[in-house]
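An overview of the molecular structure
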Amino acid sequence: DRPREEVEHFLTLGYPGYWLSFDPETHARHAEMIREAARDKAPLTVRARVLESRAVTEVTVYCTDHPGLFSKIAGALAVAGASIVDARIHTMTDGMALDTFWVQDVAGRAFDEPHRLARLSALIEQSLSGRIKLADEIRKVKREPARLRAVAVPPRVVVDNRASNTHTVIEVNGRDRPGLLHDVTAAISDQGIQIAS
């Protein structure tokens with residue numbers, strides 16, 4: 001239902017990985033989100049929707065791509081009490097990032113209360129603008145019970161340059177905890193490495 005030139009413009013924005021990662025309904029939602037962001041000249045757009053069938057909340061962030069973006073969003077989600085179940089990150093051909101996270105609360109349920117969804121969006125904005133110190137805020141997040149920490153899970157990192165013809169694959173194993181994805185991706189970004197997937 002959009003003008004042809006608008007559709008054609010949207011079709012130029014995604015690399016092949018983007019088109020393969022989502023279904024047509026999601027592409028249409030993303031196109032509308034991108035159109036609204038351009039119309040409103042919004043530097044940051046965050047959309048959240050509850051997927052009851054999967055017991056997750058889908059959080060989509062659209063903004064200018066920059067080093068450390070994924071880590072900052074992951075950190076904000078951790079501060080909000082969200083556990084990241086899945087994530088897909090895409091840099092569009094115009095340099096904008098379209099990152100999607102599927103999150104649950106600590107009980108394994110979707111974030112579905114309006115105030116919690118609003119807090120998610122606010123924390124993402126505060127994180128990206130530098131108004132909160134993520135490392136300090138993540139330390140305040142409730143940790144796992146002591147009985148679970150009693151079992152040692154030694155961290156392990158494997159760097160593999162043979163698994164892919166185009167990328168270095170980094171595999172990280174360790175005990176899950178609030179902010180783990182933020183810490184891992186921040187360490188990667190600090191080394192000047194761009195995360196592709």
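The structure displayed is predicted, hence computed values, not measured ones.

In this section: the nonpolar core. Counting 26 residues, the largest nonpolar core has Val59, Val61, Ile73, Leu77, Val103, Leu120 and Ile124 as its most contacted members. Counting residues per element, the ones that place at least two in this core are β2 (56–64), α4 (69–79), β4 (96–104), α5 (114–129) and α6 (134–140). Sort the elements by how many residues they give to this core and α4 lands first, with 7 residues. The residues touching Leu77, leaving out its near neighbours within four places in the chain, are Ala82, Ile84, Phe101, Val103, Leu120 and Ile124. The next biggest cluster of nonpolar side chains, apart from the first, holds 14 residues, and it includes Phe22, Met92, Met96 and Trp102.

All right, on to the environment of Ser164 then. Locating Ser164 in the fold gives a position in the loop between β5 (156–160) and β6 (169–173). Since its relative accessible area comes to 22%, Ser164 is described here as partly exposed. Measuring from C-alpha to C-alpha, the distance between Ser164 and Ser197 comes to 12 Å, with 33 residues separating the pair along the chain. From its side chain, Ser164 meets the backbone nitrogen of Thr166 in a polar contact 3.1 Å long. Reaching out from Ser164, the side chain makes a polar contact with the backbone nitrogen of His167 at a distance of 3.1 Å.

A separate point is unusual backbone geometry. Here the phi dihedral of Lys41 falls at roughly 50°; this positive angle occurs in a residue that is not glycine. Inspection of the secondary structure puts Lys41 in the loop between α3 (24–40) and β1 (44–51). Residue Lys41 is classed as exposed on the basis of its relative accessible area, which comes to 72%.

As summarised here, the arrangement of the 4 strands in space is β1-β2-β4-β3, forming an open sheet in which the pairing is antiparallel. Strands with a single pairing partner mark the edges of an open sheet, and in this sheet they are β1 and β3 (83–91). Across the sheet, the mean angle separating the axes of adjacent strands is 15° when strand polarity is ignored. One ladder, built from 8 bridges, connects β2 with β4; its direction is antiparallel. For Cys63, the partnering residue across the bridge sits in β4 and is Ala97. Contacts between α3 and the sheet are confined to β1, β2 and β4, with β2 contributing the most and set at about 40° to the helix.

Moving on: α3. An α-helical segment advances 3.6 residues per turn. Residues three or four places apart therefore align on the same side. For α3, with 17 residues, the first-to-last C-alpha span of 24 Å sits near the 24 Å given by 1.5 Å per residue. Buried positions along α3 lie against α1 (4–13), α2 (16–21), β1, β2 and β4. In the segment just after α3, Lys41 is the residue with positive phi, at about 50°.

The next thing to look at is the packing of α1 against α3. Geometry of a packed helix pair, given as the angle between the helix axes and the separation of the axes. Where α1 contacts α3, the two axes come as close as 11 Å, and the packing angle between them is 105°. One element, α1, and the other, α3, form an angle in the roughly perpendicular class. Note on element contacts: α3 touches α1 through His27, His30, Ala31, Ile34 and Arg35, opposite Glu6, Phe10 and Leu13. For the contact of α1 with α3, the class distribution of residues is 4 nonpolar, 2 polar and 2 charged.

For the rest of this paragraph, the subject is a nonpolar patch on the surface. On the surface, Val157, Val159, Ile170, Val172 and Ile193 cluster together into a nonpolar patch covering about 410 Å² of accessible area. For the nonpolar patch, the secondary structure elements donating two or more residues are β5 and β6. Within the secondary structure layout, Val157 lies in strand β5. Overall, the relative accessible area of 55% leaves Val157 in the exposed class.

Our next topic: the packing of aromatic side chains. Going through the model one piece at a time under the given rule, you end up with 6 aromatic pairs. Ring plane angle 70° and centroid distance 4.9 Å describe the contact between Tyr18 and Trp19, whose orientation is recorded as edge-to-face. Among the residues examined, Tyr18 registers a relative accessible area of 1% and is labelled buried. Of the aromatic side chains, those joined through ring pairs into one cluster are Phe10, Tyr18, Trp19, Phe22 and Trp102. Over the face of the ring belonging to Phe22 we find Arg88, whose NZ or CZ atom lies 5.3 Å from the ring centre. Here the guanidinium or amino end of Arg116 rests over the ring plane of Phe111, the centre of that ring lying 4.0 Å away.

What counts, and where the lines are drawn
Residues numbered from 1 in each chain as written. Predicted model: local features only at pLDDT ≥ 70, side-chain atom pairs only at ≥ 80, totals over all residues. Heavy atoms only, no water. Core = buried A, V, L, I, M, F, W, Y, C linked by side-chain atoms within 4.5 Å. Buried < 20%, exposed > 50% of the residue type's maximum accessible area, 1.4 Å probe, protein only. Helix = DSSP H or I, 4+ residues; strand = E, 2+ residues; numbered from the N terminus. Contact = heavy atoms within 4.5 Å. Polar contact = N/O pair within 3.5 Å; in protein donor to acceptor, adjacent residues only side chain to side chain. Pairing = 2+ DSSP bridges. Axes fitted to C-alpha atoms, helices over the stretch in contact; angles between N-to-C directions. Expected span 1.5 Å × (residues − 1). Parallel < 35°, antiparallel > 145°, perpendicular 65-115°, else oblique. Nonpolar A, V, L, I, M, F, W, Y, C, P; charged D, E, K, R; others polar. Patch = residues over 30% accessible without salt bridge, like charges linked within 9 Å, V, L, I, M, F, W, Y side chains within 5 Å. Areas by Shrake-Rupley, 256 points an atom, 1.4 Å probe, with all protein chains shown as cover. Salt bridge = Lys/Arg side-chain N within 4 Å of Asp/Glu carboxyl O. Phe/Tyr/Trp six-rings, centres within 6.5 Å; stacked < 30°, edge-to-face > 60°. Lys NZ or Arg CZ within 6 Å of the ring centre and 35° of its normal.

Keep in mind these numbers describe shape, not what the thing actually does.
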